[in-house]
Amino acid sequence: MSIAITPSDLDRADTHRFYQRMALLCAAIAFIGFLPTYWAPMWSSTLQVPRIAHLHGMVFFAWTLFFVAQTSLVANGRTAMHRELGLLGIALATAMLFTGTMIALNSMNAFIAQGYAEEARAFALVPLSGIAYFAIVVAYAIANTKTPAVHKRAMVLATVALLQPAVARWFVFFLAPVGAQGPVPVIFTVVPGIVSDLPLVYAIIHDWRTRGRPHRIYVIGIVTLLAMQVLRVPFGTSGTWQSIAKWL
């Protein structure tokens, strides 16, 4: 007896493969982004960073590999194992929240010690707001595990939101003036942020092709992400944020 495969089955399989491709794309961007400033110097034994940076890098890159593994499990029909590994994802995201905060504060204090107090506090808003955005979206994804359409798109949104530091490394590598010191001015983080959001355009196009319109979580997510990336510029130098950063 043969089992007929319907067009809807093929569409569903293609959708699962799409999320696997998205995960692989995010992992590749993360790896390539840190290649000139982390992986290559580490390979050549010339990397000099605080220990917390290694822990931070290990945990964050582990997330991209975890995302690839989870989407691959679903793409291959192993949804039961995908669910079983969910607790590992929660633990990993929690570790990212703490290590992301620690590395941001460590960097801020290091720049303050070099005499860049106001600039360091302003720039600290970039990584701190980024990890806060990631944590909120992951929490939303966890709350919607029983609504796969929301859950999987929230996970894509959360992971793409992590890519700005990787993309920004190449902007600094190619465009920073020779001998530049101190933290990057917050206004210079806007363009790398927008570029790092481009995988979401791919996700929206896929939604348009498969469901006729983008899911509202993508619309809300990309609007809030862009707003955050732009509003960091005026808020980073505001007295309110400078006071918060001093307290941190």
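Within every chain, residues take consecutive numbers counted from 1 along the sequence as written. The predicted nature of this model means local features are confined to residues of pLDDT at least 70 and side-chain atom pairs, given and counted, to a pLDDT of 80 or more, with totals for whole chains, interfaces and linings taken over all residues. Neither water nor hydrogens contribute to the side-chain values; these are computed over all heavy atoms in the structure.

K.L.:
Please set out the environment of phenylalanine 98 residue by residue, giving values where relevant.
P.N.:
Segments assigned H or I by DSSP are reported as helices when at least four residues long, segments assigned E as strands when at least two residues long, and all are numbered from the N terminus. For phenylalanine 98, the location among the structural elements is in helix α5 (residues 86-113). Spatially, the C-alpha atom of phenylalanine 98 lies 9.1 Å from that of isoleucine 131, the residues being 33 residues apart in sequence.

K.L.:
Residue-level account of the nonpolar core, with values.
P.N.:
Buried Ala, Val, Leu, Ile, Met, Phe, Trp, Tyr and Cys residues that are joined via side-chain atoms within 4.5 Å together make up what is termed a nonpolar core. Exposure categories follow from relative accessible area, calculated using a 1.4 Å probe and restricted to protein chains: below 20% of the type maximum is buried, above 50% is exposed, and the middle band is partly exposed. Ranked by internal contacts, the top residues of the largest apolar core, which has 41 residues, are Trp63, Met96, Phe134 and Val156. Of all the secondary-structure elements, those providing two or more residues to this core are α1 (7-33), α3 (51-75), α5, α6 (117-143), α7 (148-161), α10 (199-211) and α11 (216-236). The dominant element in this core, judged by the number of residues it contributes, is α7, at eight residues. When near neighbours in sequence (up to four residues on either side) are disregarded, valine 156 contacts Tyr19, Met22, Phe67, Leu200 and Tyr218. Membership of the second largest hydrophobic core comes to 10 residues, among which are Ala104, Phe111, Ala120 and Ala245. By definition in these notes, contact holds between two residues if any of their heavy atoms fall within 4.5 Å.

K.L.:
I'd like to hear about the packing of α5 against α6, residue by residue, with values.
P.N.:
Here an angle of 0 to 180 degrees is reported between the N-to-C directions of two axes, which are lines fitted to C-alpha atoms, with helices fitted over the stretch in contact. Put simply, α5 and α6 touch, their axes get as near as 8 Å, and they point 175 degrees apart. Of the possible angle classes, the one that applies to α5 and α6 is roughly antiparallel. Touching Ile90, Ala93, Met96, Leu97, Thr101, Ala104, Leu105, Met108, Phe111 and Ile112 of α5 are Ala117, Ala120, Arg121, Ala124, Pro127, Leu128, Ile131, Phe134, Ala135, Val138 and Ile142, all from α6. All amino acids are sorted into three groups, where Ala, Val, Leu, Ile, Met, Phe, Trp, Tyr, Cys and Pro are nonpolar, Asp, Glu, Lys and Arg are charged, and the leftover types, Gly among them, are polar. Looking at the contact of α5 with α6 residue by residue, the class counts come to 19 nonpolar, one polar and one charged. Any angle between 65 and 115 degrees counts as roughly perpendicular, while under 35 counts as roughly parallel, over 145 as roughly antiparallel, and the rest as oblique.

K.L.:
Could you give an account of the packing of aromatic side chains, naming the residues involved and the relevant values?
P.N.:
Between rings of Phe, Tyr and Trp, where Trp is taken as its six-membered ring, a pair exists when centres lie within 6.5 Å; planes separated by under 30 degrees are stacked, by over 60 edge-to-face, and by other angles tilted. Under the counting rule described, the total for this entry stands at nine aromatic pairs. Between tryptophan 63 and phenylalanine 134, the ring centres sit 5.2 Å apart and the planes meet at 85 degrees, which makes this aromatic pair edge-to-face. In this pair, tryptophan 63 sits in helix α3 while phenylalanine 134 sits in helix α6, placing the two residues 71 residues apart along the sequence. Overall, the relative accessible area of 1% leaves tryptophan 63 in the buried class.

K.L.:
Can you break down the pattern of salt bridges residue by residue, with the values?
P.N.:
By definition here, a salt bridge exists when the distance from a side-chain nitrogen of Lys or Arg to a carboxyl oxygen of Asp or Glu is within 4 Å. Applying the stated criterion across every chain yields a total of one salt bridge. In this structure, arginine 153 engages aspartate 207 in a salt bridge whose closest nitrogen and oxygen atoms are separated by 2.8 Å. Note that arginine 153 is positioned in helix α7 and aspartate 207 in helix α10, a separation of 54 residues in sequence. Assigned by exposure class, arginine 153 and aspartate 207 land together as buried.

K.L.:
Lay out unusual backbone geometry with the relevant residues and their values.
P.N.:
Positive phi, normally seen in glycine, also occurs at serine 45, with a value near 60 degrees. For serine 45, the position within the fold is in the loop between α2 (35-43) and α3.

K.L.:
Could you give me a rundown of the packing of α6 against helix α12 (residues 239-247), with the residues and numbers involved?
P.N.:
Each pair of packed helices can be described by the angle between their axes along with the distance between the axes. Where α6 meets α12, the closest approach of the two axes is 9 Å, and the angle between their N-to-C directions is 85 degrees. Considered as vectors, α6 and α12 are oriented roughly perpendicular to each other. On the side of α6, the interface is formed by Glu118, Arg121, Ala122, Ala124, Leu125 and Leu128, while α12 contributes Trp241, Gln242, Ala245 and Lys246. Tallied by class, the residues present in the contact of α6 with α12 amount to six nonpolar, one polar and three charged.

In short, shape yes, function no, at least from these values alone.
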